[in-house]
Structures are given as C-alpha cells and as structure tokens.
Amino acid sequence: PNPSFETYSPCPISPDLIANATGWSMPTSGTSDYFNACATFASAVDVPNNGFGSQAANTGVGYAGLYNVEMLCDYREYIRVQLTSPLVIGLSYTASMYASLAEESDYASNNIGMFFSTSASVSTTNLPCTAPNTGVISPAVIPQVNSAAVITNIAGWTLISGTFTATTAAQYLYIGNFYNTPSTTTNPGPGSGGTGAAYYYIDDVSVVLAAALPIEFISFTSYCKDARVVLNWSTATETNNDYFTIERSADGINWEVVGTVDGAGNSSTIHNYEFTNSSPEVGGGREGALYYRLKQTNYDGKFEYFDPVVVEA
C-alpha cells in the first residue's frame, strides 16, 4: 500500500513522522522521516528542498528517509509496511525500491535492504552511542533483497531490485540496513553537515510476482459423447489462477461464453479439469466443426487466451 508515499494523514510538519504516510510506520525507536510537498510551511520535510538536501520525488511528491548507517555506533533506522496480502510459500517475487543519497550525508553506504517477515514486531541490538540508541534488528536476519554496491547517486534515484522465492507467508516488509557497521561498506559522502551518517531517501517500493506464465498447460482436448461436447485440460502449475472461461465459436472468429470453471489459485501439482457443453448447437442448431477455447483469468483481473480445439458436432 502507498508504494510512493503519496497518501498521508496529516501532512508532516517535522521530521520523525513516517507514520503520517498511510500504511507505513517505524518498527524501532528510531526517527525515520516522511517528506512531502504538502509541507511547504515546514522546510525540514518539504519536497524537493528539505533538511537533508534537495531531491525531487522519483514518483509524485512524497518519499521516506532514514539513516542507513551511523558511524559512531550501530545506529540504524527502519521503515515498515504491512503487505496487502501475505506472500505465498513457494512462489517467486520481485521486490524493488529506489534510493537516493541525501546531499548532507557525510557518508555513502551499501546494505540498503528489504526484509520480509511474518512478525509485526522486532527487537534491536543496542550499543552505546551519542545518537538515538536504536541499533541493528536482532537476532540477525538476512534481507531477501539487498544492495551490495555503495549507492552514491545524489542527482537522481538508484533502483534496488531482486527476485526471491518465499519460504514463509510473510506479511510485513522492513526496509533498512540489516548488517552491523564492520559488515557495511562506506565511502566519503558529499555532505559536511556533521551527521556522521549515510542518509537515504526511499521511494517507489514494489513487491510483485516474478514474471512467469500464470498457467503451465499439459493438455487441452475435446470429444463428442451423446450429442455433448466434453472438454478436458490439465495444468502442471498455476499462479494466481482465479477461473477459466470456456468459449465456443462456429467460425473461429465470433465467440460466445458457455461456462466457467474455478481455477486452483496457486499450485505446483497437476490439476485435471473437465467441462461438458450439453447444448453444442450454435445459431439454432447445426452440424459441422465447432471451436472451443479457454480464457484464464487471474485474481487481479488480468487474463489470457489459449489456442482453441476443434470438434465435429
């Protein structure tokens, strides 16, 4: 939800208010920030000019901000959002976001990552520090998507993206640095503001099913039985398959719907389907060839057609 931080309630008036971005929150006691062009009266969190630099949003007029590493200790900031639906174990997802180094950062770093969890709460490992004592999320976790390269771009936005297979029905996404300072690579940054940190803007967060055919067909056949047309088809795998629509035609050009069959949703096992068209007449009754085809529709409404079969009615 709210992937580009456009929706808010209310407009931020100061730093530390990521929770004003609808759906987003701080999972730790840090001070993650929310920036939006609505904050013209609060220059610290305005867009494009704010207390950490000047950057237009990658999309729209809003984005988030966080300390990815603070060099005095293992201080980190994170942001969290609950997914619109849990991940499905065994399916592959592509997760991505855009990051931009703030101009006032004394450092640039790698390890800007995305961690998916079944838990809405986390603990942190704290070390003595002059900054707010938040620390690294613990016990140690390995983010499913992570930037191994140091991100130095302050003029624009850098895409961070990766594909992974879900091993849990995760419902929450955490964004930040999941490694301690010795395990994080840092370079000198552009700033001289004395932050002692690498601060990044975050925008356009996305979690989608990895590109794949929604249906892997094994077969699609038809035959006549007692003045009925029987259709059989089998699938090896299905991804987000809501239902099949069966359509028929007398000429292979003009089609009409004759029925629907529920799909298996998400499956990696063989499923066998059957549909009987008990009244195969087209246009008041006829003899000759009839064409049947399948239309497969996903839960999100996207659909595709598969090659027709021909029977003699």
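Residues numbered from 1 in each chain as written. Predicted model: local features only at pLDDT ≥ 70, side-chain atom pairs only at ≥ 80, totals over all residues. Heavy atoms only, no water.

**Examining the pattern of salt bridges**
If charged atoms from side chains of opposite charge come close, those side chains can pair.
Then, in step 1: Per the counting criterion, the structure on display carries two salt bridges.
Then, in step 2: Of the charged contacts, one joins Glu247 and Arg293 as a salt bridge, the two residues approaching to 2.8 Å between their closest N and O atoms. Of this pair, Glu247 sits in strand S18 (residues 228–249) while Arg293 sits in strand S21 (residues 289–298), and the two are 46 residues apart along the sequence. Arg293 carries the same exposure label as Glu247, and that label is buried.
Then, in step 3: Note that Arg248 and Glu256 form a salt bridge whose closest N and O atoms lie 2.8 Å from each other.
Then, in step 4: With relative accessibility at 9%, the residue Arg248 sits in the buried group. (Salt bridge = Lys/Arg side-chain N within 4 Å of Asp/Glu carboxyl O. Helix = DSSP H or I, 4+ residues; strand = E, 2+ residues; numbered from the N terminus. Buried < 20%, exposed > 50% of the residue type's maximum accessible area, 1.4 Å probe, protein only.)

**A short note on the environment of Met71**
Then, in step 1: For Met71, the position within the fold is in the loop between strand S5 (62–70) and strand S6 (79–82).
Then, in step 2: What makes Met71 partly exposed here is its relative accessible area of 31%.
Then, in step 3: For Met71 and Thr181, which are 110 residues apart along the polypeptide, the C-alpha to C-alpha distance reads 7.1 Å.
Then, in step 4: Discounting residues that sit within four places of it in the chain, Met71 has contacts with Tyr107, Thr181, Thr186 and Gly196. (Contact = heavy atoms within 4.5 Å.)

**Observations concerning the pairing of strand S19 (residues 256–267)**
Working note: regular strand, side chains alternate between the two faces of the sheet.
Then, in step 1: Relative to S19, S18 runs antiparallel, the two sharing eight bridges. Opposite Glu238, over in S19, you have Ser267 as the bridge partner.
Then, in step 2: In sequence, S18 turns back onto S19 through a hairpin of six residues, with Gly252 there showing a positive phi of about 75°. (Pairing = 2+ DSSP bridges.)

**Re the sheet that holds strand S13 (residues 158–165)**
Sheet strands associate in pairs through backbone hydrogen bonding, adopting either a parallel or an antiparallel arrangement.
Then, in step 1: Sheet architecture is open: five strands sit in the order S2-S5-S16-S7-S13, paired in antiparallel fashion. Both edges of this open sheet fall to strand S2 (33–36) and S13, since each of them pairs with a single strand only. Going from strand to strand, the sheet's axes swing by 35° on average, the running direction of each strand aside.
Then, in step 2: With four bridges joining them, S2 and S5 adopt antiparallel strand pairing. (Axes fitted to C-alpha atoms, helices over the stretch in contact; angles between N-to-C directions.)

**A few points about the state of the cysteines**
Then, in step 1: For the structure on display, the rule yields one disulfide.
Then, in step 2: Between the sulfur of Cys11 and that of Cys38 lies a disulfide, 2.1 Å long from S to S. On the sign convention where negative is left-handed, the bridge of Cys11 and Cys38, at about 100° about the S-S bond, is right-handed. With Cys11 in the segment before strand S1 (24–25) and Cys38 in the loop between S2 and strand S3 (49–50), the pair connects residues that are 27 residues apart, well separated along the chain. For the pair formed by Cys11 and Cys38, the shared burial category is buried. (Disulfide = S-S within 2.5 Å.)

**Regarding the environment of Asp226**
Then, in step 1: Mapped onto the fold, Asp226 is located in the loop between strand S17 (215–225) and S18.
Then, in step 2: The exposed category is assigned to Asp226, whose relative accessible area is 59%.
Then, in step 3: With 52 residues separating them in the primary sequence, Asp226 and Ser278 have C-alpha atoms 8.9 Å apart.

**Quick notes on the sheet that holds S1**
Then, in step 1: Pairing within the open sheet is antiparallel, and its five strands lie in the order S1-S6-S14-S9-S12. Looking at strand neighbours, the two that pair on one side only are S1 and strand S12 (145–146), the edges of this open sheet.
Then, in step 2: Alignment of strand S9 (residues 113–117) against strand S14 (residues 172–176), held across five bridges, turns out to be antiparallel. Across the sheet, residue Phe115 finds its bridge partner in S14, namely Tyr174.

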